[in-house]
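# Survey of secondary and tertiary structure
One-letter residues, chain by chain:
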Amino acid sequence: MLSVVVGGLRARWTSFLGGFLALALGVGLLTATGLGLAAALDPPDRAPERFASSPVVVLGQDRLTVEVRRGPGTALVSRPLDRPQPVDAAVLGALRARWTLTENPAGPARPDAVGLDAPAERVRALVGDRAQVLTGAERRRADPGHERDGHELTGLHALLGTAGGVAAFVSVFVVASVFAFSVALRRREFGLLRTAGATPGQLRRLLLAEAAVLGVTASAAGCALGALAAPPMARALVAHGLAPGWFASGRFADTAGGGAGWPYHLAFWTGLGVALAGAAAAAHRAGRTGPVDALREADVDRDVLPPGRALLGAGLLAAGLGLLVWTYATAPEALLKRKTYTTLPMLLTGGAALLAPVLVRPAARLLPVPRGGAVGLLVRANGAAAVRRTAAVAAPVLVTVALAGTLFGASESVARAKETEARERTAAAYVAEGPRVALPARTPAGAVVSASGPTSLFVRDGAEALVKYPARAVADPAAFAALARLPVVAGDLRDLDDRSIVVNEEFERRRVGEEVEVWRADGSGPVRLRVAAVLARGTGDNGPYVTRAQAPGAPLDRLESDRPPASAGEPSAAAPPTVNRAARTGLRLLLVLVLLYTVIALASTLFMATSVRGGELASLRLAGATRVQALRAVTGEAVLAVVLGTVLGFGVTAAVLGALGAGLAALSAPVALAVPWAQTGAAAGVCAVVAVAASALPAWRLTR
């Protein structure tokens, strides 16, 4: 059996080249992302910077711990504060009385951290639970860049995890498509084997053995490729601001060199499993081939949608649409999150791709074909007759256009809704934002000036959870109420004072006059604040709002005025928020990845499909067609398949963006959908160019 398998792979290596490249690329990406995750989950022990000469650091509390209910009992839960709080004054005095402290001479009287040279056990006994005592590598937590590194690593985890998930999805899709189309082209070969006495089980084992050999070799090559690509990938992530500066040095190189073995095992066995899973359906179909198929010459495809494929495709499509409707009905705010508009399109795309054969024939007859006389009619007829070939070409185009449309369209739509909401929530003629915004020294007579800054509030959600809300602290409640144009659904913004709060509909307690128990950004509390007004949820930036009395130490970063300030040198008008640069870069990387898979799938499928059309092209030439006309017919069919895939991809995009628009409307947020014509057009254009080249080259050779 093995010799037959190896001989078959050697004789038909062009048929398996696309699957091999796609699988090797997918395993390589899984290896590289796995190595990146391994390095990010186990960061190196970096030397502290702020207190490098102090063996012990006393750091103010940086977490809020609250008791909540857990089943019949209670438990303590913690949430991080915005920044470490100053060291307790009594603790600071006791430390100064016993040891020499290392402090920032230009800092506040009560610093957030101090360093000292003393036995850690004695310091802990003195401090107790009023502050944190750090030693060794933990002293790094007192450095200014520690929190920034944590945010970057969180984003890096999401990016690498998404890239790995997309790689796995598209790998399965491409490998399964290549095997399925290969089986369709080899039906005469399988019929001859059945005539020679081969059993259906032997045919299935033959295909699975081919897939196993392909999976082992491609996975091994992919692991080697991933190890080579991991360091350059890390440097690129650092260069684009997607990872901390230390990510591409030392520890990562050790991890890629074999320090962490699980990414290699995960990628290799995933690749082998993908190859076997992709070939399983094709092997089942090959086992149903009868001896009479050895005599079949017809090019009109029959039974292009087996019951199993139809059931799976309909199930995926129904699941994707059902989850969109369910999410809209129960949690419309989830439609605005990247996790939703990244995963749900995969279900819709998979379902549409599986059902593509049943859509090809009517779509091919409905789509307008450029006038070309007999060539145009031939393109339409061949596209509708060779359903498997047309669907196999359209499917990867569908994946590319759908993912490009949904990822870029959803992210741009959410960003545009946030921008529109930010413009509409104020009546100010002048808005300035920045870390150094301050109230102007002089204001024109009669001018209304409102300043605010970021803070956080901690609220119990029921009795079982503690939720941290990003909030705004306003300096002048009356000026804030005069300039704000927030979507108020109950209450009045003019009732906001030092003992009240403006909440949104996400709060459990949201009736005007009710009291909400909150903890402040510095961990102090709880305090009970009366609900003055309730806002619609919007895109997530509508409240809550409190006064600066409930936000000790909150800096001002936004200034609004109904007229420009009188004095020169004031900050200029701030630009509206835009899409996060790191998120946009990550989306571009994902699009390039998917497009690369599509190029491989298109080239492989069309090379296979066109290479076996020698007899058909010879008959066409004998019927009087010129060589140019034959090439136009072949490339026209490829372009028609690309157009079909593009139309189906836009259908998936329309479903996702339509649900997103409905979700924005349900949240009382501005509906400003953005269709990414540039990205989807570029993806479709690249697919068309590759399809024309991959079909024209073998056709040119066959028509010599």
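The structure reproduced in this document is the subject of the present report. (Residues numbered from 1 in each chain as written. Predicted model: local features only at pLDDT ≥ 70, side-chain atom pairs only at ≥ 80, totals over all residues. Heavy atoms only, no water.)

Within the protein one finds 19 helices and 15 strands. In the protein, 80% of the contacts between residues at least 6 apart in sequence involve partners at least 24 apart. In the structure as shown, the protein presents an accessible area of about 31500 Å², 60% of it carried by carbon and sulfur atoms. (Helix = DSSP H or I, 4+ residues; strand = E, 2+ residues; numbered from the N terminus. Contact = heavy atoms within 4.5 Å. Areas by Shrake-Rupley, 256 points an atom, 1.4 Å probe, with all protein chains shown as cover.)

Counting 46 residues, the largest nonpolar core has Val166, Val170, Leu336, Val399, Tyr597 and Leu660 as its most contacted members. Among the elements of the structure, helix H2 (13-41), helix H5 (146-185), helix H11 (338-354), helix H14 (387-424), helix H16 (581-611) and helix H18 (627-666) are those that each provide at least two residues to this core. The element contributing the most residues to this core is H14, with 11 residues. The residues contacting Tyr597, other than those within four sequence positions of it, are Ala22, Leu25, Gly26, Ala167, Val170, Ser171 and Val174. (Core = buried A, V, L, I, M, F, W, Y, C linked by side-chain atoms within 4.5 Å. Buried < 20%, exposed > 50% of the residue type's maximum accessible area, 1.4 Å probe, protein only.)

Attention now goes to the packing of helix H10 (residues 307-330) against H11. Closest axis-to-axis distance for the H10/H11 pair is 7 Å, and the angle between their directions is 150°. The orientation of H10 relative to H11 falls into the category roughly antiparallel. The element H10 and its partner H11 pack so that their crossing is left-handed. Note on element contacts: H11 touches H10 through Leu344, Leu347, Leu348, Gly350, Gly351, Ala352, Ala353 and Leu354, opposite Arg309, Leu312, Gly313, Leu316, Leu317, Ala319, Gly320, Leu321, Leu323 and Leu324. Taken together, the residues of the contact of H10 with H11 sort by class into 13 nonpolar, four polar and one charged. (Axes fitted to C-alpha atoms, helices over the stretch in contact; angles between N-to-C directions. Parallel < 35°, antiparallel > 145°, perpendicular 65-115°, else oblique. Left-handed = near helix turned anticlockwise from the far one by under 90°. Nonpolar A, V, L, I, M, F, W, Y, C, P; charged D, E, K, R; others polar.)

With that out of the way, let us pick up helix H7 (residues 200-239). In this model, H7 (40 residues) spans 55 Å end to end at C-alpha, consistent with the 58 Å of a helix rising 1.5 Å per residue. Most pronounced at Ala229, the bend in H7 amounts to some 35°, and the proline Pro231 follows within four residues. Looking one or two places after H7, you find Gly241, whose phi comes out positive at around 75°. (Expected span 1.5 Å × (residues − 1). Bend = angle between axes of the 7 residues up to and from the residue.)

What the four strands build is an open sheet, ordered E4-E5-E1-E6; its pairing is antiparallel. Taken across any chain shown, the strands that pair with only one partner, and hence form the sheet edges, are strand E4 (101-102) and strand E6 (132-135). Bridge analysis of E4 against strand E5 (residues 113-116) gives two bridges, and the strand direction is antiparallel. Along E5, the bridge assignment pairs Leu101 with Leu116. Most of the contacts of helix H4 (residues 120-127) go to E6, to which it runs at about 170°, and overall it touches strand E1 (56-59), E5 and E6. (Pairing = 2+ DSSP bridges.)

Moving on to a negative patch on the surface. A surface patch of negative charge is lined by Asp461, Glu464, Glu506 and Glu508. Structurally, the position occupied by Glu506 is in the loop between strand E11 (500-504) and strand E12 (515-519). Glu506 sits in the partly exposed class, given a relative accessible area of 49%. (Patch = residues over 30% accessible without salt bridge, like charges linked within 9 Å, V, L, I, M, F, W, Y side chains within 5 Å. Salt bridge = Lys/Arg side-chain N within 4 Å of Asp/Glu carboxyl O. Lys, Arg positive; Asp, Glu negative; His and termini not counted. Charge placed at Lys NZ, Arg CZ, Asp CG, Glu CD.)

A cluster of nonpolar side chains, contributed by Val639, Val643, Val647 and Val692, occupies part of the molecular surface with about 250 Å² of accessible area. Per-element accounting of the nonpolar patch gives the leading share, three residues, to H18. Inspection of the secondary structure assignment puts Val647 in helix H18. Residue Val647 is classed as partly exposed on the basis of its relative accessible area of 45%.

The subject of this paragraph is empty space enclosed by the protein. Following the criterion strictly, the structure yields five cavities of 30 Å³ or more and no others. Considering only enclosed or pocket space, the largest cavity measures out at about 90 Å³ in volume. Forming the walls of the largest cavity are 13 residues, and the residues nearest its centre are Arg389, Leu606, Arg613, Glu637 and Ala638. Elements with a minimum of two residues in the lining of the largest cavity: H14, H16 and H18. If you tally residues by element for the lining of the largest cavity, the top one is H18, at four residues. Looking at the lining of the largest cavity, its residues break down into six nonpolar, four polar and three charged. (1 Å grid on protein atoms, 1.4 Å probe; cavity = no way out; pocket = protein on both sides within 12 Å on 5 of 7 lines; lining within 4 Å. Points joined across faces, edges and corners; volume = space filled by probe spheres on them.)

Further remarks concern the packing of aromatic side chains. Tallied over the entire structure, the rule returns four aromatic pairs. With 4.4 Å between their ring centres and 20° between their planes, Tyr469 and Phe507 make a pair best called stacked. Residue Tyr469 is found in strand E9 (residues 465-474), and its partner Phe507 is found in the loop between E11 and E12; the two are separated by 38 residues along the sequence. Accessibility classification places Tyr469 together with Phe507 in one group, the buried group. Each ring, one from Phe480 and one from Tyr545, has its centre 5.0 Å from the other, and the planes form 35°; the classification is tilted. With Phe480 in helix H15 (residues 477-483) and Tyr545 in strand E14 (residues 545-547), this residue pair connects regions lying 65 residues apart in the sequence. The two residues Phe480 and Tyr545 agree in class, both being buried. (Phe/Tyr/Trp six-rings, centres within 6.5 Å; stacked < 30°, edge-to-face > 60°.)

Time to look at the side chain of Arg139. By the element assignment, Arg139 lies in the loop between E6 and H5. Polar contacts involving the side chain of Arg139 include one to the main-chain carbonyl oxygen of Ser54, which spans 2.6 Å. Contact partners of Arg139, with chain neighbours within four places excluded, come to Pro48, Phe51, Ala52, Ser54, Pro55, Val57 and Leu134. (Polar contact = N/O pair within 3.5 Å; in protein donor to acceptor, adjacent residues only side chain to side chain.)

Turning to the environment of Ala662, a few remarks are in order. Examined against the element boundaries, Ala662 turns out to sit in helix H18. Separated by 327 residues in sequence, Ala662 and Leu335 have C-alpha atoms that sit 9.4 Å apart.

Take Val690: it is sitting in helix H19 (residues 677-702). Residues Val690 and Val599, spaced 91 residues apart in sequence, show a C-alpha to C-alpha distance of 6.5 Å. When neighbours within four sequence positions are excluded, Val690 is seen to be in contact with Val599, Leu602 and Ala603.

Right, let's get into unusual backbone geometry. Phi at Ser668 takes a positive value of approximately 60°, unusual for a residue other than glycine. By secondary structure assignment, the location of Ser668 is in the loop between H18 and H19. For Ser668, a relative accessible area of 43% corresponds to the partly exposed category.

Running from amino to carboxyl end, helix H12 (residues 356-366) crosses H14 at an angle of 105°, the nearest separation of the two axes being 9 Å. One finds that H12 runs roughly perpendicular with respect to H14. Two secondary-structure elements touch here, H12 through Ala356, Pro357, Val360 and Arg361 and H14 through Val387, Thr390 and Ala391. Here the contact of H12 with H14 is built from residues that sort into five nonpolar, one polar and one charged.

Turning to the pattern of salt bridges, a few remarks are in order. All told, the structure shown has 12 salt bridges when counted by the stated rule. In this structure, the salt-bridge partner of Asp557 is Arg472, at a minimum N-O distance of 2.8 Å. Within this pair, whereas Asp557 is found in the loop between E14 and strand E15 (558-561), its partner Arg472 is found in strand E9, the two being separated by 85 residues in sequence. With a shortest N-O distance of 2.6 Å, Arg558 and Glu560 are connected by a salt bridge. For Glu560, a relative accessible area of 12% translates into the label buried. The network of salt bridges with shared partners includes Arg460, Glu515, Glu517 and Arg528.

Without other data, these values stay purely geometric and don't point to any function.
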